[in-house]
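Below are the chains, spelled out letter by letter.
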Amino acid sequence: MNEAKSGAGWIGASLLRKEDARYLHGHGLFIADVQVPGVHDIAFVRSPMAHARLRRVVKPADNAARVFTLADIGPINVLEAGPELSAHRHSPYPPLADGRVRYVGQTVAACMMPTRAQAEDLAEAVQVELEELPAVVDVVAAMRADSPRVFDEWPSNAYISTSVVEGDPSILTAAPVRLHRRLRLNRQATVSMEGRGALAYWDHRRDELVVYLSTQGGQVKRMAIARMLGIPEHKVRVIAPDIGGGFGGKNRIMPEDVAVAAIAMKVRHPVRWIEDRREHLLASPHARDHTYDLTICAERDGTLLGLEGDIYIDAGAYALWPTGAFQEASMASRNLTGPYRMRHLKLNAHTVATNKAPMGPYRGVARPGATFALERLVDEVARELHREPFDLRRQNIVTAAELPYRTAAGMKLDTGDYVAALDIARDKIDLAAVRKRQAKGEPDGRKIGVGFAFYTEQSGHGIVEFAKRKFRVIPGYESANVRMLPDGTVLIYVGVQNHGQGHETTLAQIAAHELGIDPGQISVRYGDTAVGPYGFGTFASRSIVFAGGAVGKATRALAEKIRRIGAHLLQADVAATRIDAGKVHGPAGSIGIAEIAFAANARPDQLPAGMAPLLETTATYEPADSGGVFAYGTHAVLVAVDPDSGAVELLDYVVSEDCGTMINPMIVDGQVVGGIAQGIGTALYEEIPYNQQGQPLAASLADYLVPSAGEMPFIRIAHLITPALTTEYGVKGLGEGGAIAPPAAIANAVADAFADIGASFNETPLTPRRVADEVARARSEATKAHFKVRR
């Protein structure tokens, strides 16, 4: 327990995470650790083809009853995913294939045996007869009229296409500077430390289906499972134990979740599926895979005017319930101007079906792609005008005096100092010293470069905002139940799900702030739909805004009742009392909160007349502004690049960021560093390429590279603190911010290293081969231009 102090001191304290003790000592309970007597394991038969008709599944005669197809586990009510818009096309996604497979790795049948090894042997014995069809792989080619269709009945391969036209597009057409580039972020997996998993059984005592899931939000998963299996929600209990990372990949209902639950209902004994890494890379929700075909327009003095062009989001073969991937294209187009004063837009955004694994809402969703495209284009304008890229950014960025500022796409940037964030990053990376070092050259022949990228991160969207987007499930609030027990300790139940964010610590700090007690006296519980309040889970950097707000609101109400009881016991006026350091203080004395809690729970005869016993309350919370709030920051990176091998080394990395009030600065730093690690993966390492037949070419961690400690630079972080105006405590979401800017900052740094020859790096990851090939191309072009001038 921490030293007793004023409750006001807990917000802003860098307390060690409560969760870490059990993890570090090996006492965590992840889904593979859950032991249920009589459990059998599931292995899935998956499609080896990207697109094919499913002609027949032949089960081994001696184990036919242990092999399940869709017909064996039905009936299944397939839910429509995506927005409630008539223009959005439906892509029915059954838990097991129903006559057509649309990506390599799609589940075709489930095999159940006492052990996973036996189940995999059985899966190998199942024969699947497929009639191969043309595969749709390239997202831009998929939109051509002559492209094969992922769904025969669709008029094109677009789930939905939208347009954004703002300002005066004719100004773009006549702009003195027009630079066209095609930019691409390639496909990734989430690569959470723990894969997905499901364990289900029918609890005969409670007459309910119990489903353990590695999930980011159990309440919404319960809704989906109940609807798809046709049973009432009160007979479905979803339990999420410890979760080893999610990053959006565990935030949608997946076919394996439903298949395991359905099989458990059929066989009436526990069944389990634990995802292995190959399955994860083949069939878990993928991410990124954005193509931006854009023209940026500017005046000769460097004033940025706007953007025109097309955005393509490769959403894969199916939309995932409830939201699908439609919001990525919309989010990309809305975020594409960033914090710059660009007033003219003419954009077409396409969410496209291909024969690849479905897309999930990976950390940052569309913002890394939009930021990469925007920040690379800003750098390209600077090169065209022979300007310092940093100076061009500073010229065009919104100033503090202009806030709140509504962008051309309608995003309301609220609080902060964007110019200060730029300047801090410039000074910490020491831009002037880098330029001097570049002029001298490196003794080892490598080229060094410096890159900047600015990001904004919107969080805290409320009910109205999600309703405008036509979400099927509107995650516009969160709830918290707070109970003070007879000894003065507190239990808090929330609907968000901790999977690395530190909720057990930060939410306890908020409650301690309001109740005037030590966070060590507070336990935060989550992950069981049978006991927790309704909520939507953890994603989109929303938890500290929503759950933090709900906990604050509930504990304030509880604190008021504690004061009233304390005033009664002290024989004082309530207005003359205050809560601090574990006591209610009055004009003539004080009384411990534990004594008050005992009276409220076990001695109701000591309560004021007419007051109900117990210290318990439930509150819901939605921010005052449904449009959300914006965290922001600048990333600056120094790289050294071998021009021949293309190898990139990160020499220095600086972040200046503003996430509003920090409940726990140490956890904030951890989230920032973790996000940057993922962003470095996007920039330099992570990719799932596909061949023309739709075969994924990265099916193990030997092919799919992720950054490790050896590739991570020491990251220096500076915090600006501008409290939000419309959230409790002035907090802003920060979980995705670290991952948004690295691809742009690193690509800009590599381009800066070769600015003298005009090399341009517009596709991630910047693998050694891509870097070396572009350097060779630029050198060749520069040589040709030199000889042409001489002639």
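Residues numbered from 1 in each chain as written. Predicted model: local features only at pLDDT ≥ 70, side-chain atom pairs only at ≥ 80, totals over all residues. Heavy atoms only, no water.

Student: Would you take a moment to explain the sheet that holds strand S22 (residues 578-580) for this structure?
Tutor: What holds strands together in a sheet is hydrogen bonding between their backbones, with the strands either parallel or antiparallel. Read from one edge to the other, the open sheet built from 3 strands follows the order S22-S23-S24, with strand pairing classed as antiparallel. Each edge of the open sheet carries a strand with a single partner, namely S22 and strand S24 (589-592). Averaged over all neighbouring strand pairs, the angle between strand axes comes to 30°, with direction disregarded. In terms of strand pairing, S22 meets strand S23 (residues 583-586) through 3 bridges, oriented antiparallel. By the bridge assignment for S23, Arg578 is matched with His585. Set on the sheet, helix H15 (residues 543-570) makes contact with S22, S23 and S24; between it and S23 the angle comes to about 55°. Contacts from helix H16 (residues 593-602) reach S22, S23 and S24 within the one sheet, and its direction differs from that of S24 by about 60°. (Pairing = 2+ DSSP bridges. Helix = DSSP H or I, 4+ residues; strand = E, 2+ residues; numbered from the N terminus. Axes fitted to C-alpha atoms, helices over the stretch in contact; angles between N-to-C directions. Contact = heavy atoms within 4.5 Å.)

Student: Can you help me understand the packing of helix H5 (residues 218-229) against helix H6 (residues 255-267) in this one?
Tutor: One way to put it is that H5 packs onto H6 with a least axis distance of 10 Å and a crossing angle of 55°. The orientation of H5 with respect to H6, classified from their angle, is oblique. Handedness of the H5/H6 crossing: right-handed. On the side of H5, the interface is formed by Lys221, Ile225, Met228 and Leu229, while H6 contributes Asp257, Val258, Ala261, Ala262 and Met265. Looking at the contact of H5 with H6, its residues break down into 7 nonpolar, no polar and 2 charged. (Parallel < 35°, antiparallel > 145°, perpendicular 65-115°, else oblique. Left-handed = near helix turned anticlockwise from the far one by under 90°. Nonpolar A, V, L, I, M, F, W, Y, C, P; charged D, E, K, R; others polar.)

Student: Help me understand the pairing of strand S1 (residues 40-46), please; the structure alone is not making it clear to me.
Tutor: Side-chain positions along a regular strand alternate between the two faces of the sheet. With 7 of its 7 residues buried, S1 lies for the most part within the structure. Going residue by residue along S1, you find His40, Ile42, Phe44 and Arg46 tucked away on one face and Asp41, Ala43 and Val45 tucked away on the opposite face as well. Bridge count between S1 and strand S12 (residues 271-274): 2 bridges; the pairing is parallel. Directly across from His40, in S12, lies its bridge partner Val271. (Buried < 20%, exposed > 50% of the residue type's maximum accessible area, 1.4 Å probe, protein only.)

Student: Got a minute to help me understand the pairing of strand S10 (residues 208-213) in this structure?
Tutor: S10 sits mainly inside the fold: 6 of its 6 residues count as buried. Residues Glu208, Val210 and Tyr212 of S10 are buried on one face, and the alternating residues Leu209, Val211 and Leu213, pointing to the opposite face, are buried as well. In terms of strand pairing, strand S9 (residues 197-203) meets S10 through 6 bridges, oriented antiparallel. Looking at the pairing, Ala198 lines up with Leu213 of S10. As consecutive antiparallel partners, S9 and S10 are separated by 4 residues, and within that stretch Asp207 has a phi angle of approximately 55°, a positive value. Bridging between S10 and strand S11 (residues 236-239) involves 4 bridges; their strand directions are parallel. Along S11, the bridge assignment pairs Val210 with Arg237. Following the chain from S10 across H5 to the adjacent parallel S11, one finds a crossover that is right-handed. (Right-handed = clockwise from strand over helix to strand, strands pointing away.)

Student: Is there a simple way to think about helix H11 (residues 418-429) in this case?
Tutor: Between its first and last C-alpha atoms H11 spans 17 Å; for 12 residues at 1.5 Å apiece the expected length is 16 Å, and the two agree. All of the buried residues along H11 are Tyr418, Val419, Ala420, Ala421, Leu422, Asp423, Ala425 and Ile429. Downstream of H11 by one or two residues, Asp430 has phi in the positive range, about 60°. (Expected span 1.5 Å × (residues − 1).)

Student: Could you clarify how one ought to interpret the nonpolar core in this entry?
Tutor: It is characteristic of soluble globular proteins that their nonpolar side chains tend to be buried jointly. With 100 residues, the main nonpolar core has Tyr292, Leu336, Val750 and Phe761 as its most contacted residues. No other element matches strand S26 (residues 629-641), which puts 9 residues into this core. Ignoring any residue separated from it by four or fewer positions in sequence, one finds Tyr292 in contact with Arg181, Arg182, Leu183, Asp310, Ile311, Ala332, Leu336, Ala366, Gly369, Ala370 and Ala373. Ranked by size, the runner-up nonpolar core spans 75 residues in total, among them Val150, Ala198, Ile225 and Ala357. (Core = buried A, V, L, I, M, F, W, Y, C linked by side-chain atoms within 4.5 Å.)

Student: Help me understand the packing of helix H10 (residues 389-396) against H11 in this model?
Tutor: For any two helices packed against each other, the geometry is given by the interaxial angle and the distance between the axes. Between H10 and H11, the least distance of the axes is 10 Å, while the angle of their chain directions is 165°. Classified by the angle between their axes, H10 and H11 sit roughly antiparallel to one another. Regarding H10 and H11, the two cross each other, and that crossing is left-handed. Of the residues in H11, those in contact with Phe390, Arg393 and Arg394 of H10 are Val419, Leu422, Asp423 and Arg426. Its residues placed into classes, the contact of H10 with H11 shows 3 nonpolar, no polar and 4 charged.

Student: I tried to follow the packing of aromatic side chains on my own but got confused; where do I start?
Tutor: What the rule picks out here adds up to 15 aromatic pairs. Ring centres of Phe151 and Tyr318 lie 5.9 Å apart, and the angle between their planes is 80°; this geometry places the pair in the edge-to-face category. Here Phe151, found in the loop between strand S6 (127-132) and strand S7 (158-166), pairs with Tyr318, found in the loop between strand S14 (304-314) and helix H8 (326-335); they are 167 residues apart in sequence, far enough to count as distant. Each member of the pair Phe151 and Tyr318 is classed as buried. (Phe/Tyr/Trp six-rings, centres within 6.5 Å; stacked < 30°, edge-to-face > 60°.)

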